[in-house]
There are 2 protein chains.
Amino acid sequence: MGASLRLPSLTSLLFPATTRYPSSSLRRTCFLRNRPASSGFATAPSGTASPETKSDAERLRSSDQAVTPRSKDFNAWYLDIIASAELADYGPVRGTMVIRPYGYAIWEAIQEYLNVKFKETGHSNMYFPQFIPYSFIEKEASHVEGFSPELALVTVGGGKELEEKLVVRPTSETIVNHMFTQWIHSYRDLPLMINQWANVTRWELRTKPFIRTLEFLWQEGHTAHATPEEAEKEAKQMIDIYTRFAFEETAIPVIAGRKSRLETFAGADITYTIEAMMGDRKALQAGTSHNLGQNFSRAFETQFQDENGERQHVWQTSWAVSTRFVGGIIMTHGDDTGLMLPPKIAPIQVVIVPIWKKDTEKTGVLTAATSVKEALHTAGIRVKLDDAEQKTPGWKFNFWEMKGVPLRIEIGPRDVSSNCVVVSRRDIPGKAGKVFGISMEPSTLVAYVKEKLEEVQSSLLEKAVTFRDSNIVDVNSYDELKEAISSGKWARGPWCGSDSDEQRVKEETGATIRCFPFEQTGEAKTCLMTGNSAEEVAIFAKSY
Amino acid sequence: MGASLRLPSLTSLLFPATTRYPSSSLRRTCFLRNRPASSGFATAPSGTASPETKSDAERLRSSDQAVTPRSKDFNAWYLDIIASAELADYGPVRGTMVIRPYGYAIWEAIQEYLNVKFKETGHSNMYFPQFIPYSFIEKEASHVEGFSPELALVTVGGGKELEEKLVVRPTSETIVNHMFTQWIHSYRDLPLMINQWANVTRWELRTKPFIRTLEFLWQEGHTAHATPEEAEKEAKQMIDIYTRFAFEETAIPVIAGRKSRLETFAGADITYTIEAMMGDRKALQAGTSHNLGQNFSRAFETQFQDENGERQHVWQTSWAVSTRFVGGIIMTHGDDTGLMLPPKIAPIQVVIVPIWKKDTEKTGVLTAATSVKEALHTAGIRVKLDDAEQKTPGWKFNFWEMKGVPLRIEIGPRDVSSNCVVVSRRDIPGKAGKVFGISMEPSTLVAYVKEKLEEVQSSLLEKAVTFRDSNIVDVNSYDELKEAISSGKWARGPWCGSDSDEQRVKEETGATIRCFPFEQTGEAKTCLMTGNSAEEVAIFAKSY
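Just so it is clear, the model here is predicted, and its values are computed rather than measured.

Time to look at the overall build of chain A. Within chain A one finds 15 helices and 25 strands. When the 544 residues of chain A are sorted by exposure, 60% land in the buried category. Counted over contacts in chain A with a minimum sequence separation of 6, partners at least 24 positions apart contribute 72%. Approximately 20,800 Å² of chain A is accessible, and the part contributed by carbon and sulfur atoms is 49%.

In C-alpha cells, the structure reads:
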C-alpha cells in the first residue's frame, strides 16, 4: 500500500456510512446542473424551488460539492445525482444529453429485459430510416397537429437544398405505415409485429435530463392486425408487459390505465399508460401503448385482402418506453445519499471494498476479496471489486452509495482471519443495514447475497407502494380535488366530465388526468365535477 | 392437413433440392431492385453489367421471379437476394434502407459478439447526441475536408430557423472530443475507453443496400490515452478483434493491414483496415480502426495533467464496424440459390420441415418434429420448425435455402417409424449434401447437428480462403498490376510510390491500394512503379 494513501484511522467496523461524499474527487463530474441554462437544459418549469445560487461553475468545480438534500430542492437534487453518479451530461446543443456509461448501463438493463419479452410475444426487431418526408407527417390529421411544433427538419443534404424537407423522426408511425402498405397484401401477412430500438427527436423547449430531451432513445413497437379485437388485445398486452417490468424489475409501482381523450396520443383511438409517482409526488408517464385503430391505415391505405377476398384496412398498435425510465428510477428510489438502484436493474449489484492498514495485510485482504468476487461472479451476480489504491475505503463507501449499488461487502484483516465478511445494504443507512460475520465460504455467501438482493428489491418496491398509496387521496368533489392537488398529492375521483371540464382542472390546479386506472372500485359513482353518474374514477396529478 | 394444400407427389427422399424458388409466394418481397432509381438506390456505379431490363415493377410483382444468376449479373443477383430473402427494402427517402427482421437479426448477431468483446477489453457503452454544431466539424482541418460534402444539416427546429445549423452525425469524433475535454483532467482519468451503437448519416450519391446508404447503423469506439504507444496498441487491438470476428464468426477471410496516406480516415494519423474479397472479386472495406494521434485533442484542447504535473494532449483512437458487414456476408457466401449464412451468425441455424401426405400421418410427424425442435432448442441451437400448412415441403426447402439456413432437417412418416431424420447442408447442393438415417435420439442428434454446423462454418471459410487466394496475383511491375486488375483480380506487389503514383493507378486501372497487409513476406523488394527499394507490399483492387 503506497505511502501516499490516506489511511483509514479505524477498522472497517467503525467507518461511518454517513461520511460526506468527498469533494475533490468529484470535481469533474459535478458541473451538470451548473451550466448556464441557455446552453444546456432549462430549469424544469414546475420545479418547487429555484436551484441554489451556486451560479459560478468554476467555484463549484473546485469547491466542496455535497448533493443538495432531496427535501430542500428536488430538482437540484435530481441534477446533482445525475452529475455525481455520472449518469449523464449535457450535450453541446441545447436540450441534448450525453448518456454516460453508468446511466447507459441502466438503459441496457432495461433493453435486455424488454427485448426478451418482445421476442417471447412474437415481435421481431428491425430498423426504419430516421428521415421521413415531410408530406408523410401531414397525412394523419391529428398526428401532424400533435407533432408539427416539435419537429427538427433537415433541409440541406450533400451541400444542396433539398426539394422536400425531411423530418428527423419524432416517432415512426408514418414511415412504418408507408412500408406496411407495401408488405401487407393478404390476411396471411397478418399479424405483422415489429419493434425497433432507435433514437427520436422532439424539439422540446423545456428539457430535463432523461425526462425530456431533444433527442432520446427508446423502443417503438408497431403492429398490424386483421381485427380490432386483436389490436386491442395487443395494446393491452404491451401495457401489461410494461407494468410488470416496472413493478418487478424497477420496483416502481406504476398505475396502469387509459388516458383521457385530451391526453391520448396524436393519431390513436385509445392510449394506455403507466403512471409513476416520483419522490416529489409528481407523476411521470413512464410508458404508453396505443390502439391506433385504422387511423394510420386509412391515411396510408394499408390494406389486406381478408379470407372472403374483401379489401380491408388493418388495425394497428404502437407502444414505447424510453430513456425517460432511467429518470423515473432515479426520482423514485434516490435519497440524500444518492442514487438507489433496484438490484435487478443495477449495473453493479455488489461492490467489494477491501480494507487494510499495513502492507503486510494487503495481500491477504486482496486475495480474499478476489476470491469472493470470483465466487459471486460465477454465481451470475454483477460484482465489482474496488481495489483502487488512491482512494480510502471511506471515500469508496460514499462513492458507491452515491452510485446506488444495492450491497457492499467489506473485507478487512480481521475478516480474513475469521473467514467472514461484512455486508451493508444501501437501502438501510448506517449500522442497521450492516451485518457482520457472514461466512466467506462460497455457497453460503452466494446464497446470503442472493437473498439480500431479493430483500432489497422487495423492500424498495414496498417502500414505493407505501409512499404512493399514502399520497393518493380519494376525492368526491372539485374542492377536495383542488385541496389534494395543492397539498402535492394525487387525487382519485369519479369522472365523466367533458374535455373542457378537464381543461379547466388543468388551468386551475395544474393537474391533468393521468389515467382512468384499470383497477376500479366498481361501485356506482357520482362525477366529482358534473354530479352526473360516472362509470369510472380518474387519477389527477401534476406531472413531468 | 387441409385439402387446399398442394401435396408433394413424392416422399421426402425425392424432393429435388434444386426446385426453382416458387414465384407467387415471393411477390411481395421482390420489388426491391425494381424501383425507379430516382426514388431509391441508384444502380451501383461500377456494377459489371446493367441490371436486366425488367423495368416494369408491376410485371415483376406478378410474374415469375427467379433470382438472377450470380455469374450473369452480380449486382442484380445481390439486389434479388436482399429482396427475396427479406433482408431489406428501400426507405421512402432516396438512398435510405429499411432493415427487415431477417437482415436485422444478422446485425444483432454481429452486435452480440462484438459487444462482449468490447466489454471484455475494457470499453463501456454510452450515447452521444446525434446533432453536432456545425462549428465542431470545422475544427479539425482534414476532417471537415473529408466530411463536409456528405453532411445532412438540420436548419429548422420547433418551427424556427436555427441560429447555428446542426450536423446530423456522420461520425462522432468532434462531439466525443468536446465531451472528453470536460471529463479528462488528470492521467488518472485515462485511458478513457467507450463505444456507442448508433445511426450515422452520410449524404452519399451512389447508394447500395447495406454497402452504402444515407443512414446506416454502426458501432463507433472512441478512446483517449496518455501515450502514443498505448493509442497505437489500442488501434491494433481493435483491428485484431475485427479480424478475428470476420474469420471466426462470419467466415470472411479478410486481409488486415494499414491504409495508404490517400485512403487514411479524415483526421487520423494511421488507419488500419480489414479488406474482404466479395464474390465478384471487388474489395469491401469491412471495418477500420484509426490511430488519431493528437489531431482531435489539439483541435478540441483535450488535455490531461501527467504524473509530473505537465499538461499534455491525449492520444486517441476510433474504430467502427457497420451494417455494411451484412452486405459483405451476402456477397461472400451467397450463390444462385440465395443467401448462405455461416452458422455462427445465422439467425436460424436449423430449419425443420415436416412432411406428410395423409392426415393420419400428420400427428406422428408433427409430434416427432416438435420433439426434435425441443431437443435442439434446449441444446442452444437456433432452430425453427416450419409447420405452416399453406406451403408444400418443396416450397419450404427453397424458401429456407434462399434464406441461407445452414442445415435443414426433414421428417416424414417413414422417418418417424424408423426414429430417424434426414439432414441436408445448405452449402452442398442436392443429394451430396443430404444424409439419411440420423437418429432422432436427442443426444445423438444434438451431437450430430453441432458437428455439422461446425463443418459448415469451417467449410465456408475454407472455400472463401481458396477463392481469395486464387484471385490475388503477385505482381512486380505496373504492367503486371494492370493485367491483374483488368482480369478482375487483386494485385499484390512492392510499393513505395507517392500519393500521385497511387492516384495514377486509380485513374488508369480503377484500383486503389486496399492496404499494406500486416502479413508481409519480409524479403527485400523493388517498387513495382518507381523501381526504388520498397519496404512493403501493397494490395491493389477495385472496391465497393
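Further remarks concern the side chain of Ser289 of chain A. Residue and element names in this part refer to chain A. Relative to the helices and strands, Ser289 is located in strand S11 (residues 283-293). Here Ala235 takes part through its backbone oxygen, which lies 2.7 Å from a polar atom of the side chain of Ser289. Beyond its immediate stretch of four places on either side in the chain, Ser289 contacts Ala235, Met238, Ile239, Ile270, Thr271, Tyr272, Ser318 and Trp319.

Residues and elements named next belong to chain A. Across all of its chains, the model carries 42 salt bridges over all chains by this definition. Among the salt bridges present, the one from Glu86 reaches Lys403, with a minimum N-O distance of 2.9 Å. Here Lys403 lies in the loop between helix H11 (393-402) and strand S17 (407-411) and Glu86 lies in the loop between helix H2 (74-84) and strand S1 (88-90), a separation of 317 residues in the sequence. Taking relative accessible area as the criterion, Lys403 reaches 7% and is therefore assigned buried. Each of Glu401, Arg408, Glu410 and Lys434 takes part in one network of salt bridges that share partners.

It is worth spelling out the domain arrangement of chain A at this point. How big an interface is tends to be reported as the loss of accessible area on association of its parts. Per the domain assignment, the segments making up chain A are domain 1 (93-333), domain 2 (350-452) and domain 3 (475-541). Between the C-alpha centres of domain 1 of chain A and domain 2 of chain A there is a distance of 42 Å.

This part takes up the sheet that holds strand S7 (residues 192-201) of chain A. Two strands in a sheet stick together by hydrogen bonds in their backbones, pointing the same way (parallel) or opposite ways (antiparallel). Residue and element names in this part refer to chain A. Pairing is mixed in the open sheet, where 11 strands are placed in the order S3-S7-S8-S14-S11-S10-S9-S22-S25-S21-S20. The sheet is open, and its two borders are formed by strand S3 (124-125) and strand S20 (472-474), each paired with just one other strand. The pairing of S11 with strand S14 (residues 315-322) spans five bridges and is classified as antiparallel. Counted as the bridge partner of Thr288 is Ala320 from S14.

It is worth spelling out unusual backbone geometry at this point. Each neighbour pair has its own omega, and for Leu190 of chain A with Pro191 of chain A the value is -10°, a cis peptide bond. Relative to the helices and strands, Pro191 of chain A is located in the loop between helix H6 (173-183) and S7. Positive phi is not limited to glycine here, since Phe210 of chain B has a value of about 70°. Here Phe210 of chain B is to be found in the loop between strand S7 (192-201) and strand S8 (215-225). Notably, Ala251 of chain B is not glycine yet its phi reads approximately 55°, a positive angle. The residue Ala251 of chain B is located in the loop between helix H7 (228-248) and strand S9 (255-258) in this model.

In screw terms, the move from chain A to chain B is a rotation of 180° and a rise of 0.0 Å along the axis, fitting with an RMSD of 0.0 Å. Expressed as a symmetry operation, the mapping of one chain copy onto the other fits a two-fold axis. The C-alpha atom lying nearest the rotation axis in chain A is that of Val154 of chain A; the distance is 2.1 Å. Take the interface residues of chain A: 100% of them recur as interface residues in chain B, which is what a same-surface contact looks like.

The next point concerns the interface of chain A and chain B. Facing 57 residues of chain A, the contacting portion of chain B comprises 57 residues. Linking chain A with chain B are two salt bridges, by the criterion used here. For the salt bridge of Lys119 of chain B with Glu108 of chain A, the shortest nitrogen-to-oxygen distance reads 3.2 Å. One can count 23 residue pairs in polar contact (both at pLDDT 80 or more) joining chain A with chain B. When residues in the side of chain A that touches chain B are grouped by element, the largest group, six residues, is from strand S5 (residues 152-157) of chain A. Pairing between S5 of chain A and strand S5 (residues 152-157) of chain B: five bridges, direction antiparallel.

A separate point is the pairing of strand S8 (residues 215-225) of chain A. Residues and elements named next belong to chain A. The element S8 is extensively covered by neighbouring structure, given that 11 of its 11 residues are classed as buried. The alternating pattern of S8 places Glu215, Leu217, Gln219, Gly221, Thr223 and His225 on one face and Phe216, Trp218, Glu220, His222 and Ala224 on the opposite face, and all of these are buried. Pairing of S7 with S8 involves 10 bridges; the strand directions are antiparallel. Looking at S8, one finds that Trp197 is bridged to Gln219. Where S8 and S14 come together, eight bridges link them in antiparallel fashion. Bridged to Glu220 within S14 is Ala320.

Moving on, we get to the packing of aromatic side chains. All names here are of chain A. Using the criterion set out here, one finds 32 aromatic pairs over all chains in the structure. Ring plane angle 50° and centroid distance 5.5 Å describe the contact between Tyr272 and Phe518, whose orientation is recorded as tilted. Pair noted here: Tyr272 is in strand S10 (residues 270-277) and Phe518 is in the loop between strand S22 (512-517) and strand S23 (525-526), with a separation of 246 residues, a long-range link. Among the residues examined, Tyr272 registers a relative accessible area of 3% and is labelled buried. A network of ring pairs unites the aromatic residues Trp107, Phe118, Trp197 and Trp319 as a single cluster. Here the guanidinium or amino end of Lys139 rests over the ring plane of Phe136, the centre of that ring lying 5.5 Å away.

Residues and elements named next belong to chain A. Between helix H14 (residues 478-486) and helix H15 (residues 499-509), the shortest axis-to-axis distance is 11 Å and the interhelical angle comes to 40°. One finds that H14 runs oblique with respect to H15. The hand of the H14/H15 crossing is right-handed. The residues of H15 that touch H14, namely those facing Tyr478, Leu481, Lys482 and Ile485, are Arg504, Val505, Glu508 and Thr509. Looking at side-chain class alone, the contact of H14 with H15 contains four nonpolar, one polar and three charged residues.

Residue and element names in this part refer to chain B. Taken together, 11 strands build an open sheet; the order of strands is S3-S7-S8-S14-S11-S10-S9-S22-S25-S21-S20 and the sheet is mixed. Looking at the sheet topology across the chains shown, the edges are occupied by strand S3 (124-125) and strand S20 (472-474). Of the pairings in the sheet, the one linking S9 to strand S10 (residues 270-277) comprises four bridges and is antiparallel in character. Across the sheet, Gly257 pairs through a bridge with Thr273, a residue of S10. Packed on one face of the sheet, helix H9 (residues 324-333) meets S10, strand S11 (283-293) and strand S14 (315-322) and runs near 145° to S11.

Residue and element names in this part refer to chain A. Within the fold, Lys452 resides in helix H13 (residues 442-469). The buried category is assigned to Lys452, whose relative accessible area is 14%. Filtering out sequence-adjacent residues up to four positions away, Lys452 remains in contact with Leu407 and Arg425.

On to helix H3 (residues 101-120) of chain B, then. With 20 residues, H3 of chain B extends 28 Å from end C-alpha to end C-alpha; this agrees with the ideal 28 Å at 1.5 Å per step. Two residues or fewer after H3 of chain B comes Gly122 of chain B, characterised by a positive phi angle close to 90°.

Moving on, we come to the state of the cysteines. All names here are of chain A. Considering all chains together, one arrives at zero disulfides over all chains under this definition. With no disulfide of its own, Cys515 lies closest to Cys527 among cysteine sulfurs, the gap being 16 Å. With relative accessibility at 1%, the residue Cys515 sits in the buried group.

Count 3.6 residues to each turn of an α-helix, and residues three or four apart come out pointing the same way. All names here are of chain B. Within the sequence span of helix H15 (residues 499-509), burial applies to Asp501, Glu502, Val505 and Thr509. What you see down the axis of H15 is that its buried residues fit within an arc of 100°, all on one side. Within H15, the exposed residues directed more than 90 degrees away from the buried face are Ser500 and Glu507. Taken together, the buried residues of H15 touch helix H14 (478-486), strand S21 (490-495), strand S22 (512-517) and strand S25 (536-541). Once H15 finishes, Gly510 follows within two positions and takes phi at roughly 85°, a positive value.

Let us look at the environment of Thr201 of chain B. Residue position: Thr201 of chain B is located in strand S7. With 50 residues separating them along the chain, Thr201 of chain B and Leu151 of chain B place their C-alpha atoms 7.4 Å apart. Discounting residues that sit within four places of it in the chain, Thr201 of chain B has contacts with Gln130 and Phe131 of chain A together with Glu150, Ala152, Val168, Arg169, Pro170, Leu214 and Glu215 of chain B.

Should pLDDT be low for a region, the predicted coordinates there are not to be read in detail. Residue and element names in this part refer to chain A. Summing up the model confidence of chain A, the mean pLDDT is 89 and the portion of residues at 70 or higher is 88%. Across residues 1-40, confidence stays below pLDDT 50; counting only partners more than four residues off in sequence or on other chains, it has 104 contacts. In this model, residues 42-64 is a region of pLDDT below 50 whose contacts with residues beyond four sequence positions or in other chains number 36 contacts. Reported confidence for the predicted complex is 0.89 by ipTM and 0.90 by pTM.

Conventions adopted
Residues numbered from 1 in each chain as written. Chains lettered and ligands numbered in written order. Predicted model: local features only at pLDDT ≥ 70, side-chain atom pairs only at ≥ 80, totals over all residues. Heavy atoms only, no water. Helix = DSSP H or I, 4+ residues; strand = E, 2+ residues; numbered from the N terminus. Buried < 20%, exposed > 50% of the residue type's maximum accessible area, 1.4 Å probe, protein only. Contact = heavy atoms within 4.5 Å. Areas by Shrake-Rupley, 256 points an atom, 1.4 Å probe, with all protein chains shown as cover. Polar contact = N/O pair within 3.5 Å; in protein donor to acceptor, adjacent residues only side chain to side chain. Salt bridge = Lys/Arg side-chain N within 4 Å of Asp/Glu carboxyl O. Domains from an automatic or database assignment. Pairing = 2+ DSSP bridges. Least-squares fit on C-alpha atoms with pLDDT ≥ 70 in both. Phe/Tyr/Trp six-rings, centres within 6.5 Å; stacked < 30°, edge-to-face > 60°. Lys NZ or Arg CZ within 6 Å of the ring centre and 35° of its normal. Axes fitted to C-alpha atoms, helices over the stretch in contact; angles between N-to-C directions. Parallel < 35°, antiparallel > 145°, perpendicular 65-115°, else oblique. Left-handed = near helix turned anticlockwise from the far one by under 90°. Nonpolar A, V, L, I, M, F, W, Y, C, P; charged D, E, K, R; others polar. Expected span 1.5 Å × (residues − 1). Disulfide = S-S within 2.5 Å. Arc of directions from axis to C-beta. pLDDT = per-residue confidence, 0-100.

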